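Okay, here's what each chain looks like letter by letter:
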Amino acid sequence: ELKVEQNPLFLSMQEGKNYTIYCNYSTTSDRLYWYRQDPGKSLESLFVLLSNGAVKQEGRLMASLDTKARLSTLHITAAVHDLSATYFCASGIQGAQKLVFGQGTRLTINP
Amino acid sequence: DGGITQSPKYLFRKEGQNVTLSCEQNLNHDAMYWYRQDPGQGLRLIYYSQIVNDFQKGDIAEGYSVSREKKESFPLTVTSAQKNPTAFYLCASSAVEAFFGQGTRLTVV
């Protein structure tokens, strides 16, 4: 059974600092997603990673995938307050078409 | 514009009442999903469907039912058997990327 675990679950950091959120999944998967959720809102798609070694970047966020380690990371560079949100990773297998989510990381960026 | 539309945005249910949440997509995606999110928590899978006229139970299917008569539509019924239905319900569809609707917030009154 596919399980997805994120850490840390809560992260408070100062503006301008760098940090990484980790996402581990338990079985072979062919896709890894990262989402952002603001309070009271739905999920916004950030990245989809489809192959080992895939790296994608958008602004101050960069996501990577290591399928051998079953690990994805979301790296935040020079954080700004606007990045405060809850970030979820999700893993899935195309054949099964079942998406399983991590617990979410609640990120607070302080001025 | 292509996307996923959930309705209504807010829904109130009386004790013992069945209610149906709508989810429509025009992305031509085969796979559709329903998730439940409780305050401060992650997403739990209720049901998912890979193809028309076929669907599978997720981790918390008890008290819920779905249908998939059309590719575009995947409605969720919250039955009276669901004893604690107050939550935020999210519908998604996927091909390679997976996109979410805006959600329905269900409250028992």
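Before any of the text, the structure's been laid out above.
Quantities reported herein were computed from a predicted structural model and do not represent experimental measurements. (Residues numbered from 1 in each chain as written. Chains lettered and ligands numbered in written order. Predicted model: local features only at pLDDT ≥ 70, side-chain atom pairs only at ≥ 80, totals over all residues. Heavy atoms only, no water.)

A few words now on the overall build of chain A. Each helix and strand counted, chain A has zero helices and eleven strands in total. For chain A, whose C-alpha radius of gyration is 13 Å, the value lies close to the compact-globule estimate of 13 Å for 111 residues. The C-alpha extent of chain A, read off along each of the three principal axes, is 45 × 30 × 20 Å. If you take every contact in chain A between residues at least 6 apart in sequence, the share linking residues at least 24 apart comes to 55%. Just so you have it, chain A exposes about 5400 Å², and 49% of that area is on carbon and sulfur atoms. The positive charge centre, built from 11 side chains, and the negative charge centre, built from 9, are 3 Å apart in chain A. (Helix = DSSP H or I, 4+ residues; strand = E, 2+ residues; numbered from the N terminus. Rg over C-alpha atoms; globule rule 2.2 N^0.38 Å. Contact = heavy atoms within 4.5 Å. Areas by Shrake-Rupley, 256 points an atom, 1.4 Å probe, with all protein chains shown as cover. Lys, Arg positive; Asp, Glu negative; His and termini not counted. Charge placed at Lys NZ, Arg CZ, Asp CG, Glu CD.)

Turning our attention to the sheet that holds strand β1 (residues 4–7) of chain A. Residues and elements named next belong to chain A. Strand order in the open sheet formed by five strands is β1-β3-β8-β7-β6, and the pairing between neighbours is antiparallel. The sheet is open, and its two borders are formed by β1 and β6 (55–58), each paired with just one other strand. Averaged over all adjacent pairs, the angle separating strand axes in this sheet is 15°, with direction ignored. Examined bridge by bridge, strand β7 (residues 61–66) and strand β8 (residues 71–76) share six bridges and lie antiparallel to one another. (Pairing = 2+ DSSP bridges. Axes fitted to C-alpha atoms, helices over the stretch in contact; angles between N-to-C directions.)

Looking now at the nonpolar core. Counting residues in hydrophobic clusters, the biggest one holds 25 residues, and the most contacted among them are L32, W34, L74 and Y87 of chain A. Sequence-distant contacts of L74 of chain A, defined by excluding residues within four places in its chain, comprise Y19, T20, I21, W34, F47, L61, M62, A63 and Y87 of chain A. Within the second largest apolar cluster, 20 residues are counted, among which are I4, Y64, V66 and V78 of chain B. (Core = buried A, V, L, I, M, F, W, Y, C linked by side-chain atoms within 4.5 Å. Buried < 20%, exposed > 50% of the residue type's maximum accessible area, 1.4 Å probe, protein only.)

Once that is clear, we can look at the interface of chain A and chain B. Contact with chain A, which involves 20 residues of that partner, is made by 24 residues of chain B. When the two sides are added together, the surface that chain A and chain B hide from each other amounts to roughly 1700 Å², 52% of it contributed by carbon and sulfur. Counting the contacts that link chain A with chain B gives zero salt bridges. Those elements that provide at least two residues to the side of chain A that touches chain B are β4 (31–37), β5 (43–49) and β10 (98–101) of chain A. Considering every element that reaches the side of chain A that touches chain B, the biggest residue donor is β4 of chain A, with four residues. Here the residues of the side of chain A that touches chain B sort into nine nonpolar, seven polar and four charged. (Buried area = accessible area lost by both parts, 1.4 Å probe. Salt bridge = Lys/Arg side-chain N within 4 Å of Asp/Glu carboxyl O. Nonpolar A, V, L, I, M, F, W, Y, C, P; charged D, E, K, R; others polar.)

Throughout the structure, instances matching the rule amount to eleven aromatic pairs over all chains. Between F88 of chain A and F101 of chain A, the aromatic rings sit 6.4 Å apart at their centres with planes inclined by 80°, giving edge-to-face as the arrangement. In this pair, F88 of chain A sits in strand β9 (residues 85–93) while F101 of chain A sits in strand β10, placing the two residues 13 residues apart along the sequence. One exposure class covers both F88 of chain A and F101 of chain A, and it is buried. Note on Y33 of chain B and Y35 of chain B: the rings are 6.1 Å apart at their centroids and 25° apart in plane angle, and the pair reads as stacked. Like Y33 of chain B, the residue Y35 of chain B is buried in the burial classification. Lying across the ring of F74 of chain B, R68 of chain B places its NZ or CZ 5.9 Å from the centre. If you follow R105 of chain B out to its NZ or CZ, it ends over the ring of F88 of chain B, 4.3 Å from the centre. (Phe/Tyr/Trp six-rings, centres within 6.5 Å; stacked < 30°, edge-to-face > 60°. Lys NZ or Arg CZ within 6 Å of the ring centre and 35° of its normal.)

That is the geometry; function is a separate question.
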